[in-house]
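Per-entry structural report
Each chain, written out:
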Amino acid sequence: VNGTLSGATQFVNGSATATYTATGTVAGSADVTADNQTLTANISISGTTTTDPADQAVCQGATANFSTTASGGGPFSYAWTLDGSPFGGDTSSISILTGSLSVGPHTVEVTVTGSGGCGSATQTATLTVQAPTTTTDPADVSVCNGTDAHFSTTAGGTGPFSYSWTLDGSPFNGNSPSITIPTGSLSPGNHTVSVTTSGTCGSATQSAVLTVGGNPVITLSSNSATMWPPNHQYHTFNITDFVASASSDCDESVDINDVVIQKVSSDEPEENPAGADGNTLNDIVIAPDCKSVQLRSERDGN
């Protein structure tokens, strides 16, 4: 028996109804009766679905890519939004440049519409824009030679962070937001301290100046002191007879009053019996407070 469909096919509530005519043929004889029959078939029609775009976290300035895969009764049309505003075209994927986006979360949404009245489907994803790495400028430091100098920085952006310090271009200390530099072995003057902070979104470098103060400075007087006659008598000389001024860039209070006499020497021996120097001892006597010295006025007669 073979059958052929006749008339229009009608879809109602997921069912298809059709009328067909069946013609029977018996072997060895002519056609027999034809009869109109009604066929009812249940047909399942799939609605539109779409996959959920994956959430993404990117550094500010990078490109974020989102895509979805639709299924159901196609062809499909796509409508994307970024934070509620239309974005991109009628396509299953989009690329978002994040340079102009604020740091933090943003909502990406896609609505897929199928053909033939099969409806639409909507999915959302979160785009997290991460802040680039920043680091604060360590403050310049001035210390006296031998005093420890301290430097620190504060990182910003998206961590975790690592730190790399240099002193005059050479690596110094370890991975820490702060360092301590002993200055006893450093020369007086300026030194460069730099820190590079690295995070999830790049790195940033800042520098500071370390000024190491030198030793106190004593400025000598241009005057010459003369002892005469060589009568073996003491002459008293004070610090002010030899020193014009004293200062220190590490201590503003330092002045000539802080200078003391440490040593006095002579180009002749203290006593030379054959030299006619008077047969005296203690030709050089520094005062107990080291602020003056007594010098005996005598010479080797030879």
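Right above here is the structure, for reference.
Anyway, here's the lowdown on the structure attached to this text.

What counts and how
Residues numbered from 1 in each chain as written. Predicted model: local features only at pLDDT ≥ 70, side-chain atom pairs only at ≥ 80, totals over all residues. Heavy atoms only, no water. Pairing = 2+ DSSP bridges. Helix = DSSP H or I, 4+ residues; strand = E, 2+ residues; numbered from the N terminus. Axes fitted to C-alpha atoms, helices over the stretch in contact; angles between N-to-C directions. Phe/Tyr/Trp six-rings, centres within 6.5 Å; stacked < 30°, edge-to-face > 60°. Lys NZ or Arg CZ within 6 Å of the ring centre and 35° of its normal. Buried < 20%, exposed > 50% of the residue type's maximum accessible area, 1.4 Å probe, protein only. Polar contact = N/O pair within 3.5 Å; in protein donor to acceptor, adjacent residues only side chain to side chain. Contact = heavy atoms within 4.5 Å. Salt bridge = Lys/Arg side-chain N within 4 Å of Asp/Glu carboxyl O. Disulfide = S-S within 2.5 Å.

This paragraph deals with the sheet that holds strand β26 (residues 292–296). The sheet built from three strands is open, its strands ordered β23-β26-β25 with antiparallel pairing. Strand pairing shows two members of the sheet lacking a second neighbour, β23 (234–238) and β25 (284–286), which therefore form its edges. For this sheet, the mean inter-axis angle between neighbouring strands, taken without regard to orientation, is 20°. Pairing analysis gives three bridges linking β25 to β26, with the strands arranged antiparallel. Bridging across to β26, Ile286 finds its partner in Val293.

Another aspect to go through is the packing of aromatic side chains. For the structure on display, the rule yields one aromatic pair. Over the ring of Tyr234 we find Arg296; its NZ or CZ atom is 4.4 Å from the centre of that ring.

Summarising the element assignment, Leu127 is placed in strand β12 (residues 120–130). Residue class for Leu127 comes out buried when judged on its relative accessible area of 0%. On a C-alpha basis, the gap between Leu127 and Thr98 in space is 9.5 Å, while along the polypeptide they are 29 residues apart.

Tracing the chain through its elements places Thr50 in strand β4 (residues 49–50). Under the relative-accessibility criterion, Thr50 is labelled buried at 9%. Within polar-contact distance, the side chain of Thr50 engages the side chain of Thr68 at 2.4 Å. Setting aside its immediate chain neighbours within four residues, Thr50 contacts Thr68, Thr69, Ala70, Val112, Ala121 and Gln123.

Moving on: the pattern of salt bridges. A full pass over the atoms with the stated rule returns one salt bridge. Of the charged contacts, one joins Asp283 and Arg296 as a salt bridge, the two residues approaching to 2.9 Å between their closest N and O atoms. Residue Asp283 is found in the loop between β24 (243–247) and β25, and its partner Arg296 is found in strand β26; the two are separated by 13 residues along the sequence. Overall, Asp283 belongs to the buried group, its relative accessible area being 11%.

Below, the discussion takes up the state of the cysteines. Covalent bonding between the sulfur atoms of two cysteines is what defines a disulfide. Here the structure, examined in full by the defined rule, presents one disulfide. Note that Cys59 is cross-linked by a disulfide to Cys201, the S-S spacing being 2.1 Å. In this structure the cystine formed by Cys59 and Cys201 twists about its S-S bond by roughly -85°; its chirality is therefore left-handed. With Cys59 in strand β5 (residues 56–59) and Cys201 in the loop between β20 (189–199) and β21 (202–213), this pair connects stretches of sequence that are 142 residues apart.

Between Gly74 and the following residue, Pro75, the backbone shows a cis peptide bond with an omega angle of 5°. Mapped onto the elements, Pro75 comes out in the loop between β7 (70–71) and β8 (77–82). A cis amide bond links Gly159 to the next residue, Pro160, at an omega of 5°. Within the element layout of this structure, Pro160 appears in the loop between β16 (155–156) and β17 (162–167). A positive phi angle is found at Asn173, which is not glycine, with a value near 65°. Position of Asn173 relative to the elements: it lies in the loop between β18 (170–172) and β19 (178–181). Overall, the relative accessible area of 53% leaves Asn173 in the exposed class.

So yeah, pure geometry; function would need other evidence.
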